[in-house]
Every structure is written in structure tokens, then in C-alpha cells.
Amino acid sequence: MKIKRIAALCCLLATMLVIAGCSADDKAAEIIDTANIESISVELFDGTSKVYKSNEEIENFVSQINLAEKTNKKSVQDVPDKQLFTTITINDGKEILYYYKDGYDFYLEKPYVGIYRVQKEMDFLD
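Draft legend 1. Molecular detail of the overall build of the protein chain. Assigned secondary structure in the protein chain consists of two helices and seven strands. Along the protein chain, from the amino end to the carboxyl end, the secondary structure elements read α-β-β-α-β-β-β-β-β. Burial status across the protein chain gives 30% buried among its 126 residues. If you take every contact in the protein chain between residues at least 6 apart in sequence, the share linking residues at least 24 apart comes to 52%. By element, 53% of the accessible surface of the protein chain is carried by carbon and sulfur atoms, the whole surface being about 9100 Å².

Draft legend 2. Representation of the nonpolar core. Residues Ile-40, Ile-88 and Phe-124 are the most contacted members of the largest nonpolar core, which totals 22 residues. Elements that contribute at least two residues to this core include exactly β1 (40-43), α2 (55-65), β4 (86-90), β5 (95-102), β6 (105-110) and β7 (114-118). At four residues, the largest contribution of residues to this core is made by α2. Leaving out residues up to four positions away in the same chain, Phe-124 has contacts with Val-42, Leu-44, Lys-50, Tyr-52, Phe-61, Thr-86, Ile-88 and Tyr-99.

Draft legend 3. Inspection of the side chain of Lys-110 at higher detail. Along the chain, the position of Lys-110 falls in strand β6. A relative accessible area of 16% means that Lys-110 is categorised as buried. If we ignore the near neighbours within four places in the chain, the residues touching Lys-110 are Ile-31, Ser-75, Glu-95, Ile-96, Leu-97 and Tyr-116.

What counts and what doesn't
- Residues numbered from 1 in each chain as written.
- Predicted model: local features only at pLDDT ≥ 70, side-chain atom pairs only at ≥ 80, totals over all residues.
- Heavy atoms only, no water.
- Helix = DSSP H or I, 4+ residues; strand = E, 2+ residues; numbered from the N terminus.
- Buried < 20%, exposed > 50% of the residue type's maximum accessible area, 1.4 Å probe, protein only.
- Contact = heavy atoms within 4.5 Å.
- Areas by Shrake-Rupley, 256 points an atom, 1.4 Å probe, with all protein chains shown as cover.
- Core = buried A, V, L, I, M, F, W, Y, C linked by side-chain atoms within 4.5 Å.

Here's what the structure looks like:
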């Protein structure tokens, strides 16, 4: 009787671990959803800026951002603690991201959501 209870408990525990391990893949999640984006404004640390308004520009910009990979780093503040960063504002401030270099890597940070590693340096003023 005791062996059956232990076996049932082990099966339940194994099932819970399998379900927890099958959560959604972080890479599959989009950082920015292109739906309802009317404009994207980029302000570099030196004050230069550019606004993307056409659908083609917005789709190209968002597709580059969505290639970034989520890291284990946590975003725990409104603004990154880096001296130099680029501010990316979507729809006049409804959503904000920050782009910066840390060591040899480039990152996108969505405040309180996550920090994402960018595969290569992004040139926002092309």
C-alpha cells in the first residue's frame, strides 16, 4: 500500500516537471508586435534622432529587433544603468525600449519585461 502511494506521488511529480519543462520558448515570443504601430522614434545618446512612419520601415525595423534573443538578465528599472544608450519609442511613448553596448555585446532592454542580446550592432540612422 505504501509503495503504491510513493509510486503515485513520483508519477505526479514527474508529470508536473514535464509540464513545467514544456513552457513556451522565449525565442518564439516577439519583443515588439507590429500590430497598431503608427511610428517608431529613435533617439541616439548624442541627441540625433530618426522617426520611422511608413509600414515598410516599421516592419523592417521591428523584424531586426525581434531577432534578438532573450537573456537570463532581469530588467528591474525604468532606464538602463548604462551611461550611453539609445531610446526607442513606439507610438509616442506607449512602449519604450533601450539599446546599449555592454562589454562586447549589444542589448535591447524592455523595462520590467526582459533584456535581449542583439546578434550584431544596429545602425538606426540608415
